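Commentary on secondary and tertiary structure
Here are the chains, one letter per residue:
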Amino acid sequence: MSLIEHAIVANRKSAEHHDPSLANKPAPKIAILTCMDPRLNELLEWFDIKPADADVIRNVGTAATEDVVRSLMFSIHVLGVREIMLVGHTGCGMEMFTEEEFEKHLHTQCGVWAVSPDRFHFYSDVNLTTQKQVLKLRSHPWIPSDVVIRGFVFDLSTGDLREVTSKDAG
């Protein structure tokens, strides 16, 4: 059975016990930007945050891209989020290539050069990259100055969460 078929069967069973209050307007307290890496799928559980309390925005490399900002604008200005937590992690696949190496990899795999996106956001230092993403969001004119924005690195080998400060990134 494929995982899609498995999900359909599991949904039929879980729908019998579905919480109808999920249809109410969401009221998250925090937005968490993190990587799409499946090893982070239990992040809310590890942080003891209820799913209804968090907007979790995920992309490869925890990059504060235009689409992330688009999502954050809704979280902040419509849903009332007042805290943003960026969570990078050790061992991220975005440390495997440079932009140029990945474009060559795609060309080899697909036979054409990358057209879009114009940047993939590869990096070599998770601490520096996390801090840069925090600064990128802090400087955005649509994010009010009273919204708390903090950056962290989650160590996959130890489970430790460490805050990244500008001192760590310099």
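Above: the structure in question.
Structure report, in brief. As the structure is a prediction and not an experimental result, all values here were calculated from the model.

A complete count under the given rule lists three aromatic pairs for this structure. Each ring, one from Phe102 and one from Phe120, has its centre 5.0 Å from the other, and the planes form 75°; the classification is edge-to-face. Within this pair, whereas Phe102 is found in helix α4 (residues 99–110), its partner Phe120 is found in the loop between α4 and α5 (126–138), the two being separated by 18 residues in sequence. In textbook terms, an aromatic cluster arises when at least three aromatic residues are bridged by ring pairs, as seen for Phe97, Phe102 and Phe120.

Here we come to the pairing of strand β4 (residues 148–154). Along β4, five of the seven residues are buried, which leaves the element largely enclosed by surrounding structure. As paired elements, strand β3 (residues 83–89) and β4 share seven bridges and run parallel to each other. Residue Leu86 lies in a different strand from β4, and its bridge partner there is Gly151. Following β4, the chain reverses through six residues before pairing antiparallel with strand β5 (residues 161–164); Gly159 in that reversal takes a positive phi of roughly 85°.

All chains considered together, the criterion is met by zero disulfides. Considering cysteine sulfurs only, Cys92 is the nearest to Cys35, which forms no disulfide, with 4.0 Å between them. The buried category is assigned to Cys35, whose relative accessible area is 2%.

With 13 residues, α5 extends 18 Å between its outermost C-alpha atoms, agreeing within 8% with the 18 Å of an ideal straight helix rising 1.5 Å per residue. Three or more residues of α5 are buried, namely Val126, Asn127, Thr129, Thr130, Gln131, Gln133, Val134 and Leu137. Capping of α5 at its N-terminal end is provided by Asp125; its side-chain oxygen lies 2.9 Å from the backbone amide nitrogen of Asn127.

About the cut-offs
Residues numbered from 1 in each chain as written. Predicted model: local features only at pLDDT ≥ 70, side-chain atom pairs only at ≥ 80, totals over all residues. Heavy atoms only, no water. Phe/Tyr/Trp six-rings, centres within 6.5 Å; stacked < 30°, edge-to-face > 60°. Helix = DSSP H or I, 4+ residues; strand = E, 2+ residues; numbered from the N terminus. Buried < 20%, exposed > 50% of the residue type's maximum accessible area, 1.4 Å probe, protein only. Pairing = 2+ DSSP bridges. Disulfide = S-S within 2.5 Å. Expected span 1.5 Å × (residues − 1). Polar contact = N/O pair within 3.5 Å; in protein donor to acceptor, adjacent residues only side chain to side chain.

Any link to function would need more than the numbers given here.
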